[in-house]
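Architecture at a glance
What follows is the residue order along each chain.
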Amino acid sequence: MAPQVFDLAVVGTGVIGATAVALALARAPGAAVAAVSAGPLHHGATARSAALDIPAGHTPGRRRLARRALELRPLLAAVAPALGAAAPPSYWLMPARMVPAVGEELVGDRLTPCDAADEERLRGVFGPRLGGPDDVLLRSGPARVSDPRAVVGQLLRPLRENPRHALVRDFPVRDITPYGTAGHRLVARDGSTLTARRVLAAPGAWVLHGPFAVTARRYGARTKKVVAFHLRTRHPASGVAPLLNLEEHEAFLLPRAPGQWLLSVTSAGWDCPPDPAGLAPDAADTALARAVLATAVPEFRAGITGCRVAADVYLPDRSPLVAPLDDLAGAVLATGGAGSGFRLAPAVAEQALDLLPPL
């Protein structure tokens, strides 16, 4: 009996891969779609992400992606209600000299100075001292914060509920080879196979392994450690706790639960292994977190209780990579979230689908 030939195989079940599945089925509801994961579904950077979305971009290209992602969000939210369910008020702490540039980076929003009530509230949450003498406090619209595991699970739900689709765990792709006139055969390390007419590879930090490595290295892709520290500290007596963007430090403080926060910092750990099980913060990461807190929010500096670590993919210009896989017609690679996977995934997945033959 001939194997089933899927219309589309998606390699990787992180936020880019799961979003590609949802967009593909929105375009072609009758298509047969398979998604494969190298390990459990919640295995890589997506599951450990803060899933924070403030539409913005440091370059015009990233701003275009952020704008398109914002336009696609209602379609995806209809499939995945967990997408952007929480919306903490957003505040910014930065030197006054940075304000014009950061204001230009926002998409569909703007920075406004905090009034006296805002400042009183922030100092009630974070302590009387916020930043240095040259820093200013501003606010923007509410941030979207998702439950990453729930979002991916909801986006992939059709693959579990309809027998014409497939959702395959523990399928690390070792090779992708032409398969007659039908398309491509995906071969796992244990020799098992899956056949599809089109392939969209979104393997996350595993992009530098297996059949994706040649293309990824040609574009200069590297893995980088992404670190966020858990903090336990005081919380306002009432109201929704705010998000505080520490723009000068490329960091943010995100409320997670009463008395609990997540401090995301920019690690300098390059070329790290893809599996989060092999990653941990080093002394430099911890020292950086403490230095950021001491400078910006000194009352929080003693609150670190743990951390979460993952690996993400960065290109030299920090733009996502969406390109055909070398020597494989009808196969495309989508990667390079550079710490902004939840923000940019809808636009990245759409671009990748646009490079494939229509479903």
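In case you missed it, the structure is sitting above this.
Bear in mind that the values here come from a model prediction, so they are computed numbers and not experimental data.

Topic: the nonpolar core
Counting 45 residues, the largest nonpolar core has Leu-8, Val-21, Leu-159 and Leu-200 as the members making the most contacts within it. Going through the elements one at a time, β2 (8-11), α1 (15-27), β3 (33-36), α2 (60-79), α5 (148-161), β20 (331-335) and α8 (341-355) are the ones with two or more residues in this core. Ranked by residues supplied to this core, first place goes to α1 with 9 residues. Leave out the neighbours within four places in its chain, and Val-21 touches Val-10, Val-33, Ala-35, Leu-155, Leu-156 and Leu-159. Ranked by size, the runner-up nonpolar core spans 32 residues in total, among them Val-125, Leu-231, Ala-241 and Phe-300.

Quick word on the side chain of Asp-53
In this fold, Asp-53 is placed in strand β4 (residues 52-53). For Asp-53, a relative accessible area of 5% puts it in the buried group. Only 2.3 Å separates the side chain of Asp-53 from the side chain of Arg-73, close enough to count as a polar contact.

Some words on the sheet that holds strand β11 (residues 183-188)
Read across the open sheet, the 4 strands follow the order β1-β12-β11-β10; overall the sheet is mixed. A single partner strand is all that each edge strand has here, and the edge strands are β1 (5-6) and β10 (173-179). Pairing geometry for β1 and strand β12 (residues 193-196), over 2 bridges, is parallel. Residue pairing across strands places Phe-6 opposite Ala-196, the latter belonging to β12.

Thoughts on the packing of α1 against α8
Remark: α1 packs on α8, axes separated minimally by 8 Å, with the N-to-C direction vectors making an angle of 50°. In terms of their interaxial angle, α1 and α8 are classed as oblique. Considering only the axes of α1 and α8, their crossing is right-handed. Packed against α1, whose contacting residues are Val-15, Ile-16, Thr-19, Ala-20, Leu-23, Ala-24 and Arg-27, the element α8 presents Gly-341, Phe-342, Ala-345, Pro-346, Val-348, Ala-349, Glu-350, Leu-353 and Asp-354 at the interface. Looking at the contact of α1 with α8 residue by residue, the class counts come to 11 nonpolar, 2 polar and 3 charged.

Thoughts on the side chain of His-165
Within the secondary structure, His-165 is located in the loop between α5 and β9 (166-168). At a separation of 3.0 Å, a polar atom in the side chain of His-165 contacts the main-chain amide nitrogen of Val-33. Among all residues touching His-165, those that are not within four sequence positions of it are Phe-6, Leu-25, Ala-31, Ala-32, Val-33, Pro-158 and Leu-159.

Looking at the pairing of strand β15 (residues 243-246)
What you see with β15 is no split at all: Leu-243 and Asn-245 on one side and Leu-244 and Leu-246 on the other are buried throughout. Where strand β5 (residues 90-95) and β15 come together, 4 bridges link them in parallel fashion. Bridged to Tyr-91 within β15 is Leu-244. The pairing of β15 with strand β16 (residues 251-257) spans 3 bridges and is antiparallel. What sits directly across from Leu-244, in β16, is Leu-253. Between the end of β15 and the start of β16, which pair antiparallel, lie 4 residues, with Glu-250 showing a positive phi angle near 50°.

Considering unusual backbone geometry
You will see that Arg-318, though not glycine, has its phi angle at about 65°, which is positive. Here Arg-318 lies in the loop between β18 (304-314) and β19 (321-324).

Things to note about the sheet that holds β2
The strand order β9-β3-β2-β13-β20-β19 describes an open sheet built from 6 strands, whose pairing is mixed. In the strand order of this sheet, the two ends are held by β9 and β19, each with one partner. Sheet twist, expressed as the average angle between the axes of neighbouring strands with direction ignored, equals 15°. Both β2 and β3 contribute to a ladder of 4 bridges, which runs parallel. Across the sheet, the residue bridging to Val-11 is Val-36, located in β3. Packing of α5 onto the sheet brings it into contact with β3 and β9, and relative to β9 it is tilted by some 110°. Packing of α8 onto the sheet brings it into contact with β2, β13 (199-201), β19 and β20, and relative to β19 it is tilted by some 10°.

Some thoughts on the packing of aromatic side chains
Working definition: an aromatic ring pair is given by the centre-to-centre distance plus the angle between the planes. The full count for this structure, using the stated rule, is 4 aromatic pairs. Here the aromatic rings of Phe-126 and Trp-261 are separated by 5.2 Å at their centres, their planes lie at 55°, and the arrangement is tilted. Taken together, the positions of Phe-126 in helix α4 (residues 116-126) and Trp-261 in strand β17 (residues 260-265) put the pair 135 residues apart, joining distant regions of the chain. Given a relative accessible area of 0%, Phe-126 falls into the buried group.

Description of the pattern of salt bridges
Once their charged atoms are close, side chains differing in charge can pair, the charge on each being opposite to the other. A full pass over the atoms with the stated rule returns 14 salt bridges. Here Arg-197 makes a salt bridge to Asp-7, at a shortest N to O gap of 3.1 Å. On the criterion of sequence distance, the pair formed by Arg-197 in the loop between β12 and β13 and Asp-7 in the loop between β1 and β2 is long-range, its members being 190 residues apart. With a shortest N-O distance of 2.7 Å, Glu-350 and Arg-68 are connected by a salt bridge. Here Arg-68 lies in helix α2 and Glu-350 lies in helix α8, a separation of 282 residues in the sequence. Exposure remark for Arg-68: the relative accessible area of 31% places this residue in the partly exposed category.

The rules behind these values
Residues numbered from 1 in each chain as written. Predicted model: local features only at pLDDT ≥ 70, side-chain atom pairs only at ≥ 80, totals over all residues. Heavy atoms only, no water. Core = buried A, V, L, I, M, F, W, Y, C linked by side-chain atoms within 4.5 Å. Buried < 20%, exposed > 50% of the residue type's maximum accessible area, 1.4 Å probe, protein only. Helix = DSSP H or I, 4+ residues; strand = E, 2+ residues; numbered from the N terminus. Contact = heavy atoms within 4.5 Å. Polar contact = N/O pair within 3.5 Å; in protein donor to acceptor, adjacent residues only side chain to side chain. Pairing = 2+ DSSP bridges. Axes fitted to C-alpha atoms, helices over the stretch in contact; angles between N-to-C directions. Parallel < 35°, antiparallel > 145°, perpendicular 65-115°, else oblique. Left-handed = near helix turned anticlockwise from the far one by under 90°. Nonpolar A, V, L, I, M, F, W, Y, C, P; charged D, E, K, R; others polar. Phe/Tyr/Trp six-rings, centres within 6.5 Å; stacked < 30°, edge-to-face > 60°. Salt bridge = Lys/Arg side-chain N within 4 Å of Asp/Glu carboxyl O.

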